[in-house]
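What follows is the residue order along each chain.
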Amino acid sequence: MITRSVATVDSLTWQEQLATSIRDPKQLLNMLGLDTSLLDGALNAHEDFPLRVPLPYLQRIAKGDPNDPLLRQVLPLGSELLAAPGYSDDPLDEQNSNPVPGLVHKYHGRVLLIVSPNCAINCRYCFRRHFPYQDNKPGRSEWQHALDYIANDSSIREVIYSGGDPLATSDKQLQWLTEQVASIKHVQRLRVHTRLPIVIPNRITDSCLQWLTSTRLIPSMVIHSNHPNELDKEVANALYRLKRAGVTLLNQTVLLSGINDTLSALQQLSERLFEVGVLPYYLHQLDRINGAAHFEVTDLRAKQLIAELTAALPGYLVPKLVREIPSANSKVLIL
Ligand SMILES: *Cc1c(COP(=O)(O)O)cnc(C)c1O
Ligand code: SF4
């Protein structure tokens, strides 16, 4: 059923693909031919943080396999509701680096702008799953405060569009925002942190390329792919368009138990990324957000994986293993 509808799904606009996302755990299990024994847990966890998976992503999930590495990223599980020591609702303490609504200034020379509170997909390990987005609801007047803050601090050289997912916003809004950022003389670089090219590759429209590459700002994009199965032909096409337009493409991955914590998954991911024009940037240790404890990989195992990757691949295909620590002034390298 899913394969038969491929042509139709791909011919929808990105907005239509967003609007037709699967949000019902029962429907997801049915469509994938999965056992209904997963349903009770899924419904409970879905109440805490809803299921959301767009059809272009769903197409890449194998039917009948509860351990599919893409499914595991989106399927709510009952075990998310178990409390785990060291896990909390704001592990990064970002709520203390939020000088004006919608802006996070924690690292020297760069600020995060929460451009959109929405995501195209809900990833179960997400460190923003309990973020108080109601207080960070962006629009032009809220952005104006953030823009004033950036204009008043000449140490800020890079503005990072973040979220949620910044590309969940319309190109019209992004065009406006980017022109405002470009008008601040000391800002040199624009970076977009997004999972949308992976989840809904049709999001990379001509008008998206237009605002991203038509200002004096040097554009880069950090996509967020966790597994080689995510990088299908449609994704490759979207990335190719970005690259051809002059956007530097990097990837960050979250290391996730049962999803990508093997040498073969990480090696294939790096090689496939390079094939589609993207360099591996960061391999993140999980942020300890409530609900994600079952995804944790120990530092010992993570370091072992990096050693194995280093032995197997050229240096430029080995991501940096990092973790975020609330008090640190950059991501912290795990050596
Ligand atoms: C990750 C992150 C950045 C960007 O860090 P880089 O090391 O430049 O990629 C900036 N601010 C915050 C709060 C971050 O979490
Ligand atoms: S796309 Fe990113 S911000 Fe959105 S739910 Fe997934 S991990 Fe979280």
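Every chain's residues receive numbers from 1 upward, in the order its sequence appears when written. Chain letters and ligand numbers both follow the written order, the letters beginning at A and the numbers at 1. Confidence filtering applies because this is a predicted model: local features only for residues at pLDDT of at least 70, side-chain atom pairs given and counted only at 80 or more, and all residues used for totals across whole chains, interfaces and linings. Remark: hydrogens and water are excluded; side-chain values derive from all non-hydrogen atoms of the structure.

Draft legend 1. The arrangement of the sheet that holds strand β7 (residues 279-284) in detail. When DSSP finds at least two bridges between two strands, those strands are taken to pair. By definition, any uninterrupted DSSP run of H or I lasting at least four residues is a helix, any uninterrupted run of E lasting at least two residues is a strand, and each is numbered from the N terminus. Strands sit in the order β1-β2-β3-β4-β5-β6-β7-β8-β9 across an open sheet of nine strands; the sheet is mixed. If you trace the sheet from one side to the other, it starts and ends with β1 (103-107) and β9 (332-333), each paired once. Against the sheet, helix α7 (residues 140-151) engages β1, β2 (110-116) and β3 (158-163), with an angle of about 170 degrees to β2. The contact criterion used throughout is that any non-hydrogen atoms of two residues lie within 4.5 Å. Where helices are involved, their axes are fitted lines through C-alpha atoms of the stretch in contact, as for all axes, and angles between N-to-C directions lie from 0 to 180°. The sheet strands contacting helix α12 (residues 263-275) are β5 (218-224), β6 (248-254) and β7, and the helix crosses β7 at an angle near 145 degrees.

Draft legend 2. Fine view of the packing of aromatic side chains. Centres within 6.5 Å are what make two rings of Phe, Tyr or Trp a pair, Trp counting through its six-membered ring; a difference in plane orientation under 30 degrees is then read as stacked, over 60 as edge-to-face, and the rest as tilted. Per the stated rule, a full pass over the model turns up five aromatic pairs. Ring geometry for Trp143 versus Trp176: centroids 6.3 Å apart, planes at 20 degrees, classification stacked. Taken together, the positions of Trp143 in helix α7 and Trp176 in helix α8 (residues 171-182) put the pair 33 residues apart, joining distant regions of the chain. Comment: the charge-over-ring label is applied if NZ (Lys) or CZ (Arg) is within 6 Å of the ring centre and within 35 degrees of the ring normal. We note Arg203 situated over the ring of Trp14; from NZ or CZ to the ring centre the distance is 4.0 Å.

Draft legend 3. The packing of α8 against helix α10 (residues 206-213), seen in detail. The contact between α8 and α10 brings their axes to 9 Å, and the two run at 5 degrees. If you check the angle between α8 and α10, you find them roughly parallel. Contacts between α8 and α10 involve Asp171, Leu174, Gln175 and Thr178 from the former and Ser207, Cys208, Gln210 and Trp211 from the latter. Lys, Arg, Asp and Glu make up the charged group, whereas Ala, Val, Leu, Ile, Met, Phe, Trp, Tyr, Cys and Pro make up the nonpolar group; the residues left over, Gly among them, are polar. In terms of residue class, the contact of α8 with α10 is built from three nonpolar, four polar and one charged. Orientation labels follow simple angle bins: below 35 degrees gives roughly parallel, above 145 gives roughly antiparallel, 65 to 115 gives roughly perpendicular, and whatever is left gives oblique.

Draft legend 4. Spotlight on the packing of α12 against helix α13 (residues 299-312). It is the contact of α12 with α13, at a shortest axis distance of 10 Å, that shows an interaxial angle of 50 degrees. If you check the angle between α12 and α13, you find them oblique. Taken as a pair, α12 and α13 cross one another with a handedness that is right-handed. Residues Leu263, Leu266 and Gln267 of α12 form the contact with α13, whose participating residues are Leu305, Glu308, Leu309 and Ala312. Here is the rule for handedness: rotate from the far helix to the near one, and if that takes an anticlockwise turn smaller than a right angle the crossing is left-handed, while a clockwise turn gives right-handed.

Draft legend 5. Spatial organisation of the side chain of Ser225. Looking at the element boundaries, Ser225 is found in the loop between β5 and α11 (233-244). One polar contact links Ser225 to Glu230, side chain to side chain, over a distance of 2.8 Å. Setting aside chain neighbours within four positions, we find Ser225 in contact with Arg195, Ile198, Glu230, Leu231, Asn251, Gln252, Thr253 and Leu269. Polar contacts, as counted here, are pairs of nitrogen or oxygen atoms within 3.5 Å of one another; within protein the pair requires one atom able to donate a hydrogen and one able to accept it, and residues that are adjacent in sequence qualify only if both atoms are side-chain atoms.

Draft legend 6. The arrangement of the domain arrangement of the chain in detail. Once the domains are mapped, the chain shows domain 1 (6-81) and domain 2 (94-333). Here domain 1 and domain 2 have C-alpha centroids that lie 23 Å from each other. At the junction of the two partners, domain 1 supplies 28 residues and domain 2 supplies 35 residues. A per-residue breakdown of the area domain 1 buries against domain 2 is headed by Trp14, Phe49 and Gln73, which together make up 31% of the total. Whenever a carboxyl oxygen of Asp or Glu lies within 4 Å of a side-chain nitrogen of Lys or Arg, that contact is scored as a salt bridge. In this assembly, domain 1 and domain 2 are joined by four salt bridges. Across the pair Arg129 and Asp48 runs a salt bridge, and its minimum N-O distance is 3.2 Å. Secondary-structure elements contributing two or more residues to the side of domain 1 that touches domain 2 are α2 (14-19), α4 (39-48), α5 (55-58) and α6 (71-74). Tallied by class, residues from the side of domain 1 that touches domain 2 come to 17 nonpolar, five polar and six charged. These domain limits were set by an automatic method or by a database of domain assignments. Here the quantity called buried area is the accessible surface, traced with a 1.4 Å probe, that two parts lose on coming together, added over both.

Draft legend 7. Seen up close, the site of ligand 2. Neighbouring ligand 2 are the residues Cys119, Ile121, Cys123, Tyr125, Cys126, Gly164, Arg195 and His224. Across the shell around ligand 2, the residue classes tally to five nonpolar, two polar and one charged. For this description, a residue counts as near a given molecule or strand if any of its non-hydrogen atoms is within 4 Å of it.

Draft legend 8. Seen up close, the site of ligand 1. Neighbouring ligand 1 are Val104, Lys106, Tyr107, Arg110, Leu112, Ile160, Arg191, Tyr281, Tyr282, Glu324 and Lys331. Arg191 is positioned with one of its side-chain polar atoms (N or O) 2.8 Å from an oxygen atom of ligand 1. Tyr281 is positioned such that a nitrogen or oxygen atom in its side chain is 2.6 Å from an oxygen atom of ligand 1. Under the convention used here, a 1.4 Å probe and the Shrake-Rupley method define accessible areas, while residue burial counts only the protein chains that appear. Protein contact buries 93% of the 390 Å² of open area that ligand 1 shows by itself. Residue assignment for the shell around ligand 1 shows that the elements contributing at least two residues are β1, β2 and β7.

Draft legend 9. Molecular detail of the pairing of strand β4 (residues 189-194). The element β4 is extensively covered by neighbouring structure, given that five of its six residues are classed as buried. Where β3 meets β4, four bridges bridge the pair, whose relative direction is parallel. Residue Glu158 lies in a different strand from β4, and its bridge partner there is Arg189. Crossovers are marked right-handed if the path from the first strand over the helix to the second runs clockwise, as seen with the strands pointing away from the viewer. Taken together, β3, α8 and β4 form a β-α-β motif whose crossover is right-handed. As defined by bridge partners, β4 adjoins β5 across six bridges and the pair is classed as parallel. The residue bridging Val192 from the neighbouring strand is Met221, located in β5. For the exposure calls, accessible area comes from a 1.4 Å probe over protein chains only, and a residue counts as buried if that area is under 20% of its type's maximum, exposed if over 50%, partly exposed in between.

Draft legend 10. Layout of α12. Under the 1.5 Å per step criterion, the end-to-end length of α12 is 18 Å for 13 residues, consistent within 8% with the ideal 18 Å. Those residues of α12 not exposed but buried are Ala265, Leu266, Leu269, Ser270 and Leu273. Buried residues of α12 fall within an arc of 130 degrees about the axis and therefore sit on the same side. Those residues of α12 hidden inside the fold are in contact with β5, β6, β7 and α13. The positive-phi residue at the C-terminal boundary of α12 is Gly277, with phi of around 90 degrees. For a helix, the expected span equals 1.5 Å multiplied by the residue count minus one. The reported arc concerns the directions from the helix axis to the C-beta atoms and nothing else.

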